[in-house]
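The primary structure of each chain is shown beneath.
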Amino acid sequence: MTDPRTIAPRLVVLGLAAAAAFAAACGPKNVAGPIRPDGALIVLLPDEDGSTGRASVSNPAGTADLTAPRNASNVAPNQRPGVVTMSEADVKRLFGDALEALPPAPQSFTLYFRFESDELTEESKALVPKILATVKGRSAPEVVVVGHTDTMGTPSANFALGLKRAVAVRELLVASGLDAATVEATSLGESFLLIQTPNDTPEPRNRRVEIAVK
Amino acid sequence: MKNAKRLAGVLVFAIATSVPTLVYAQQPNAAGRVKVASGTAFIVRNGTQVAAKAGDAVFESDVLRTGSDGRLGVTLKDDTRVSLGPTSEVRVDKFTYAPAEGNLALALKVVRGVAAYVSGRIAKLSPDAVHLETPAAIVGVRGTTLAIRAGA
């Protein structure tokens, strides 16, 4: 792995070359320049869904807004932060190690139940192997199982039913081979409806267990 | 309307998978868990440095630290993800995640080296509850993936 300290001078050279090449174009700078030992380099990257969020970078001298992919601010003390756009190659060179160590995004699944029962619908039963495969593909997996109901019956009865559903799913997952210590089960009863309904309304889409695999 | 419903669904799910009333809670106070650890990687807790491995719990006030061949990747309870390249240090200064009560707080400080950050539900539910900094800069996030280097 390249020592980052050797990259900074190389970036200066690259920066000069880029400046010469694009002087007439006056486009955004392609490199962030050398990073000061007492400074920082902050780069905004696209999210996994392809969109890009926003970030602001501040020090006592001012604030810079990062709004586009690979917008970067190379912050030096007592200087107002600016914004440049880094190349993908520079991002990879400077941050590749950290980016490769990012854990995968948590994945969610929703299972549905028959009316007033803790028995899964056929479609939901068929999802279980996919959930197991997702868990087994992960390093140090954690599974969070949360039971929900529709608004038929009392809130307290529905809390109990939601818990019964979550525990049933937890037991199913553990019986299918998951480590019991990594699977949590809990209930939210009728308090977090997926589909808003009046009280005492049967709604199959609210009779669900939500599973997050992390 | 459809989008609003979908958003409501997402929020319901976000809150639903995060309730503190755990029936089979392993370490309810843990802020997160190590998912990736390679080379020389440590968790420093109360001044004691312990080798980090995948599955280790991470708590508020822990320091994540890597040596010259180390990497570390952590997923926090709100699905925030943080990773460190070699010769790096990140402090988990604050982590509170109780969305049902509206208590949300995350403070991370990249003390040195390289880190990557992918925002989680705290940033989605309450962007102002996230505090990200290096010794030279404060970073405000709005649902974001970031790469951060502190120092040369």
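What counts and what doesn't
- Residues numbered from 1 in each chain as written.
- Chains lettered and ligands numbered in written order.
- Predicted model: local features only at pLDDT ≥ 70, side-chain atom pairs only at ≥ 80, totals over all residues.
- Heavy atoms only, no water.
- Pairing = 2+ DSSP bridges.
- Helix = DSSP H or I, 4+ residues; strand = E, 2+ residues; numbered from the N terminus.
- Axes fitted to C-alpha atoms, helices over the stretch in contact; angles between N-to-C directions.
- Contact = heavy atoms within 4.5 Å.
- Salt bridge = Lys/Arg side-chain N within 4 Å of Asp/Glu carboxyl O.
- Buried < 20%, exposed > 50% of the residue type's maximum accessible area, 1.4 Å probe, protein only.
- 1 Å grid on protein atoms, 1.4 Å probe; cavity = no way out; pocket = protein on both sides within 12 Å on 5 of 7 lines; lining within 4 Å.
- Points joined across faces, edges and corners; volume = space filled by probe spheres on them.

A. Quick look at the sheet that holds strand 6 (residues 107-112) of chain A. Residue and element names in this part refer to chain A. Within the open sheet, the four strands sit side by side as 6-9-7-8. Their pairing is mixed. In this open sheet, the two strands that pair with only one neighbour each are strand 6 and strand 8 (183-189). Between one strand and the next, the sheet's axes are offset by a mean angle of 20°, whatever the strand orientation. Relative to strand 8, strand 7 (residues 143-148) runs parallel, the two sharing six bridges. What sits directly across from His-148, in strand 8, is Gly-189. Packing against the sheet, helix 4 (residues 128-136) makes contact with strand 6, strand 7 and strand 9 (208-213), and its axis sits at approximately 155° to strand 6. Sheet contacts for helix 5 (residues 155-175): strand 6, strand 7, strand 8 and strand 9; angle to strand 8, the most-contacted strand, approximately 160°.

B. Structural view of the pattern of salt bridges. Enumeration over the complete set of coordinates arrives at 25 salt bridges over all chains. We note a salt bridge from A:Glu122 to A:Lys125, for which the minimum N-O separation is 3.5 Å. Highlighted residues: A:Glu122 and A:Lys125, both in helix 3 (residues 122-125), separated by three residues, approximately one helical turn. A:Glu122 sits in the partly exposed class, given a relative accessible area of 47%. Its salt-bridge partner being B:Lys109, residue B:Glu133 comes within 3.2 Å of it at the nearest N-O pair. Residue B:Glu133 is found in strand 10 (residues 130-133), and its partner B:Lys109 is found in strand 9 (residues 103-118); the two are separated by 24 residues along the sequence. The structure contains a network of salt bridges with shared partners spanning A:Glu142, A:Glu184, B:Arg33, B:Lys35 and B:Lys77.

C. Highlighting empty space enclosed by the protein. All names here are of chain A. A complete count under the given rule lists three cavities of 30 Å³ or more for this structure. Estimates place the volume of the second largest cavity at around 40 Å³. If you go around the second largest cavity, the residues you meet are Phe-115, Glu-116, Thr-149, Asp-150, Met-152, Asn-158, Leu-161, Arg-165 and Arg-207.

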